[in-house]
Amino acid sequence: MTLNHKRQTGFTLIELMIVVAIIGILAAIALPAYQDYTIRSKVSEGPIAASALKVGVTEVFADDGMDGVDAYRGVISDDQANIITDKISAITIDPATGEIQVTMGGIAQLTAPNNVIAFMPQISGAAISNANSTGSVEWVCSPTASGVGAGGVGASTTIPDQYLPANCRN
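Here we summarise the structure given alongside this text.

Among the nonpolar cores identified, the biggest contains 28 residues, and I91, I100, V102, I117, F119 and I159 are the most heavily contacted of them. The set of elements that each furnish at least two residues to this core consists of α1 (13-43), α2 (45-78), β1 (88-93), β2 (100-104) and β3 (116-123). Broken down by element, the residue count for this core peaks at 8 residues, all from α2. Contact partners of I91, with chain neighbours within four places excluded, come to A49, L53, I76, Q80, I83, I100, Q101 and V102.

And the structure:
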């Protein structure tokens, strides 16, 4: 009894087409995710720069209340030349609320007005003020629309959610 063995010498056209289709589907999913990731990594420079300013706002608020925040705003405003980078075009502090606004620049996908990541200081879910100064300061960076707690105030972040750090997304 003899057995006929066929030896396969390569892939069929159908097999190759299926592999190409699978690679195309994976690329269609992976490429947008990778692009969002690269933009998010560029945006992360904003929160890093704001971290030192958060400490400054908290300290001057603890020492001198909203007058201290206003004085600190002036210092930061005068020092813009040393603060801006190729990804950060401006940083401002709102003297009435202590909100830190970092305007991102040099990122083609983020154009004004959708290029601001903001950090709002709050105590017990309400904006800091001379009348609201007892308790721990917490920082919120989610967009205004989300709000925080009962009567909470969201930051005026305008960067789209998919480009924000995880703790700032809605």
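With 34 residues, α2 ought to run about 50 Å at 1.5 Å a step, yet its terminal C-alpha atoms sit only 21 Å apart, falling short of that. Largest kink in α2: about 135 degrees, centred on D64.

Attention now goes to the pairing of β3. β3 sits mainly inside the fold: 8 of its 8 residues count as buried. Judged by which residues are buried, β3 turns out to be covered on both faces: V116, A118, M120 and Q122 on one side and I117, F119, P121 and I123 on the other are all buried. Sheet analysis places β2 next to β3, joined by 4 bridges and oriented antiparallel. Paired with I100 across the bridge in β3 is F119. The sheet contact formed by β3 and strand β5 (residues 138-140) spans 3 bridges and is antiparallel. Each bridged residue has a counterpart across the sheet, and for P121 the counterpart in β5 is W139. Two strands pair when backbone bridges link them, and β3 and strand β4 (residues 126-127) are joined in this way by 2 bridges, in the antiparallel orientation. Opposite I123, over in β4, you have A126 as the bridge partner. The hairpin turn running from β3 into β4, its antiparallel successor, is 2 residues long, and S124 in that turn takes a positive phi close to 55 degrees.

Another aspect to go through is a nonpolar patch on the surface. A grouping of L13, I14, M17, I18, I22 and L26 is seen on the molecular surface, where their side chains present a nonpolar patch of about 640 Å² in accessible area. Relative to the helices and strands, L13 resides in helix α1. By relative accessible area, which is 61% here, L13 ends up exposed.

How each quantity is defined
- Residues numbered from 1 in each chain as written.
- Predicted model: local features only at pLDDT ≥ 70, side-chain atom pairs only at ≥ 80, totals over all residues.
- Heavy atoms only, no water.
- Core = buried A, V, L, I, M, F, W, Y, C linked by side-chain atoms within 4.5 Å.
- Buried < 20%, exposed > 50% of the residue type's maximum accessible area, 1.4 Å probe, protein only.
- Helix = DSSP H or I, 4+ residues; strand = E, 2+ residues; numbered from the N terminus.
- Contact = heavy atoms within 4.5 Å.
- Expected span 1.5 Å × (residues − 1).
- Bend = angle between axes of the 7 residues up to and from the residue.
- Pairing = 2+ DSSP bridges.
- Patch = residues over 30% accessible without salt bridge, like charges linked within 9 Å, V, L, I, M, F, W, Y side chains within 5 Å.
- Areas by Shrake-Rupley, 256 points an atom, 1.4 Å probe, with all protein chains shown as cover.
- Salt bridge = Lys/Arg side-chain N within 4 Å of Asp/Glu carboxyl O.

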